[in-house]
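Chain by chain, the residues:
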Amino acid sequence: MENIIRNMKKIEKVKLNLGCGLKYKKGWTNVDISDKDVYQNKLKVDVKHNFNVFPYPFPNNHFDEVLVDNVIEHLENPAKVIEEIERICKSGAIVKIIVPHFSYYQAYTDYTHKHYFTLDSIDVMLRNRNIEIVKKELEISNNLIIKIIGKIFTFSPIIYERFLYGYFPVQGIEWTLKIKK
């Protein structure tokens, strides 16, 4: 029985929740800079690490899946973060990155945001990287009309981001990436 359990654990995907904050995920390695939020409330984290300090405390080729939810806009060098994620991920790993869209008013209300993103911002960071963009899309608000119109925005981001963003603001951007080593 013990061998079966050990083998099952080897089959399980190794998952990283980078910048977990209040979004602790069971079965994942949850990492944040602190075990307290900005109000000094206790957070549940598995590993404390400052994401502006490289290298991250994980071995090469370790993770099958990484979630970076509303984190890289706070960091000094998002391109270096992408490079580090590539290092710690196995070939075939899936990486999901979520950031506020530059047109979303709350992108500017948080004074700790250092960067603002368009739908194509990640493309520049992925140059010369072994990473494929599987999907990129705008996160649309809960307003049904904007949701319906918003599907068009993802297909034509240049028109949206140059001319329409003020009329139909979206909340964020979500990229799904695949590591190819």
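Up top is the structure.
Reading guide: rules and limits
Residues numbered from 1 in each chain as written. Predicted model: local features only at pLDDT ≥ 70, side-chain atom pairs only at ≥ 80, totals over all residues. Heavy atoms only, no water. Buried < 20%, exposed > 50% of the residue type's maximum accessible area, 1.4 Å probe, protein only. Helix = DSSP H or I, 4+ residues; strand = E, 2+ residues; numbered from the N terminus. Arc of directions from axis to C-beta. Salt bridge = Lys/Arg side-chain N within 4 Å of Asp/Glu carboxyl O.

**Remarks on helix 6 (residues 157-164)**
For the α-helix, the turn length of 3.6 residues means that residues three or four positions removed from each other point alike. Taken together, the buried positions of helix 6 are occupied by P157, Y160 and E161. With its buried residues spanning 85 degrees around the axis, helix 6 presents them on a single face. Seen from the open side of helix 6, the exposed residues pointing more than 90 degrees away from its buried face are I158, R162 and F163.

**Quick notes on the pattern of salt bridges**
Under the counting rule described, the total for this entry stands at twelve salt bridges. K42 serves as the salt-bridge partner of D35, at 3.0 Å between the closest nitrogen and oxygen. Where R87 meets E84, a salt bridge forms, and the shortest distance between an N and an O atom there is 2.6 Å. Taken together, the residues R87 and E84, both in helix 2 (residues 78-88) and three residues apart, mark about one turn of the helix. Here E84 falls in the buried class, since its relative accessible area comes to 5%. Put simply, D120, D123 and K136 are held in one network by salt bridges that share partners.

**Let's talk about unusual backbone geometry**
Of the consecutive residues F54 and P55, the connecting peptide bond is found in the cis state with omega at 0 degrees. Within the secondary structure, P55 sits in the loop between strand 3 (47-48) and strand 4 (63-69). Positive phi, normally seen in glycine, also occurs at N70, with a value near 55 degrees. Relative to the assigned elements, N70 resides in the loop between strand 4 and helix 2.

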